[in-house]
Amino acid sequence: MAAGGGIDPIHQFHIAPIVELKPFGIDLSFTNTSLWMVIVLAVVSAIMIYGSSQRSVVPGRLQSLAEMAYEFVAATMTGVMGKEGLKFFPFVFSLFMFVLASNLLGLLPGSFTVTSQIIVTAALALLVISIVVIYGIVKHGTHFFGLFVPSGVPGWLLPFMVLIEAVSFLSRPVSLSLRLFGNMLAGHIALKVFGGFVVVLLGSGAVFNYAIAPLPLLLAVALTALEVLVAVLQAYVFAILTCVYLNDALHPGH
Amino acid sequence: MPVRSSGFARQGWLLAVGSFATLVAGAAQAAEQKHGLSGEKASFPPFDPAHFASNLFWLAITFAALYWLMSKVALPRLGSIMEERAETIGRDLDQATEMQAKAEDMAQAYEKALAEARKNAQGIAQAARETGAKASDAQRHATEAELAAKMAQAEATIATTKTKAMGNVRDLGSDIAAAIVTKLTGQAPSASEASAAVDQALTRG
């Protein structure tokens, strides 16, 4: 944790292999990221599968939680895409729960935030966009590219509009992945920096520093609350943007 | 609201596997190049391509497992639980409305029975009143007839007594007339003459 006498706020993102695994010269080691992915999988599965195992008509606590997640995602999806969009329900639900659980578990002290790895968020965003493109082309053929041609635009303006639409479409996976990654990374760095201040101030030996040490601590507490909000909000944003993009695949006409 | 998975999910699997394989291979290549360029300076971990392949690989495994568990186990089960609940609630509500309708019917039947009973009671009371009135009327008539008979009898008695008395008065009158005539004339009239004279006097008035 301490690097050169100070606190290294980047250390928490360091990836360390737990089990070395290198088939065909590719490093596929089971790392701490992998471990926390498995923990995320286990937690979500525990809530959703163990929680619903009672199959009670009057739900218990865990089943209520599972049902709440189910209905929340289903309501969000029907709100954005209509009933038709529910064919993507398992995908969006898995995505939402995976991101949500990663974000929230990452806030536990000593844990690792899976979504603070840009490769993870980028892979999820690319998965979403790939599904949008492939589903759109399979379902609507060339009509899908009507997405890039806004209606009611004068002919001379059309090339520019198509260019702008194309750029906006291509920037979607970038913004989708960077938004989540940036929020998680920045939040954790800020938390670590303020936490580090407390340690540095207490370790300095000066009485004045002892006196002001609680201030960054209070800030860290407030930031933790904010981070919980951000964790939930970013998972929701990720899910709802996925719905918006999938809606384009369902209804490509502007 | 229950949600069904679609045929597109199968295509989605292929897509996911394909894209992840491509990404893993690309990341591994990038890691090779990175190692070739420099090794000593530790880069910012999230941007270090050395871990991209491993992260992608395990993300693919865990996310695929999560997707499979959710779409095959958790979500259909939750969907069926909620459907069952909606059905149960609907059935209970139906039953409740049925019961209510039944209760209302019973209340109506009760009201009807009550009204009928009231009407019957009124009829019975009316009949009783009528028979009572008839009986008392009959009694009154009988008594009146009896009384009238008695009165008629009494009147008859009075009449006979009166005629008898009148007869006595005439006899007495003729006797007295005979006596007076005897005293005045010294000659006794015959009984028939005396009675004729009395009758004459009586009719004269």
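Residues numbered from 1 in each chain as written. Chains lettered and ligands numbered in written order. Predicted model: local features only at pLDDT ≥ 70, side-chain atom pairs only at ≥ 80, totals over all residues. Heavy atoms only, no water.

Draft legend 1. Representation of the packing of helix H3 (residues 89–105) of chain A against helix H7 (residues 214–250) of chain A within the structure. All names here are of chain A. Between H3 and H7, the shortest axis-to-axis distance is 8 Å and the interhelical angle comes to 160°. In terms of axis orientation, H3 runs roughly antiparallel to H7. Here the hand of the crossing between H3 and H7 comes out right-handed. Packed against H3, whose contacting residues are Phe 91, Val 92, Leu 95, Phe 96, Val 99, Leu 100, Asn 103 and Leu 104, the element H7 presents Val 228, Ala 231, Val 232, Gln 234, Ala 235, Tyr 236, Phe 238, Ala 239, Thr 242, Cys 243 and Leu 246 at the interface. Tallied by class, the residues present in the contact of H3 with H7 amount to 16 nonpolar, three polar and no charged. (Axes fitted to C-alpha atoms, helices over the stretch in contact; angles between N-to-C directions. Helix = DSSP H or I, 4+ residues; strand = E, 2+ residues; numbered from the N terminus. Parallel < 35°, antiparallel > 145°, perpendicular 65-115°, else oblique. Left-handed = near helix turned anticlockwise from the far one by under 90°. Contact = heavy atoms within 4.5 Å. Nonpolar A, V, L, I, M, F, W, Y, C, P; charged D, E, K, R; others polar.)

Draft legend 2. Structural detail: the packing of helix H5 (residues 158–203) of chain A against H7 of chain A. Residues and elements named next belong to chain A. For the pair H5 and H7, interaxial distance at closest approach is 10 Å and the crossing angle is 175°. Classified by the angle their axes make, H5 and H7 are roughly antiparallel. Partitioning the contact of H5 with H7 into residue classes produces 20 nonpolar, five polar and four charged.

Draft legend 3. Examining a nonpolar patch on the surface more closely. Residues and elements named next belong to chain A. Together, Tyr 50, Leu 62, Leu 65 and Met 68 give the surface a local cluster of nonpolar side chains, amounting to about 420 Å² of exposed area. In terms of residue count, the dominant contributor to the nonpolar patch is helix H2 (residues 61–81) (three residues). You can see Tyr 50 is positioned in helix H1 (residues 32–50). (Patch = residues over 30% accessible without salt bridge, like charges linked within 9 Å, V, L, I, M, F, W, Y side chains within 5 Å. Areas by Shrake-Rupley, 256 points an atom, 1.4 Å probe, with all protein chains shown as cover. Salt bridge = Lys/Arg side-chain N within 4 Å of Asp/Glu carboxyl O.)

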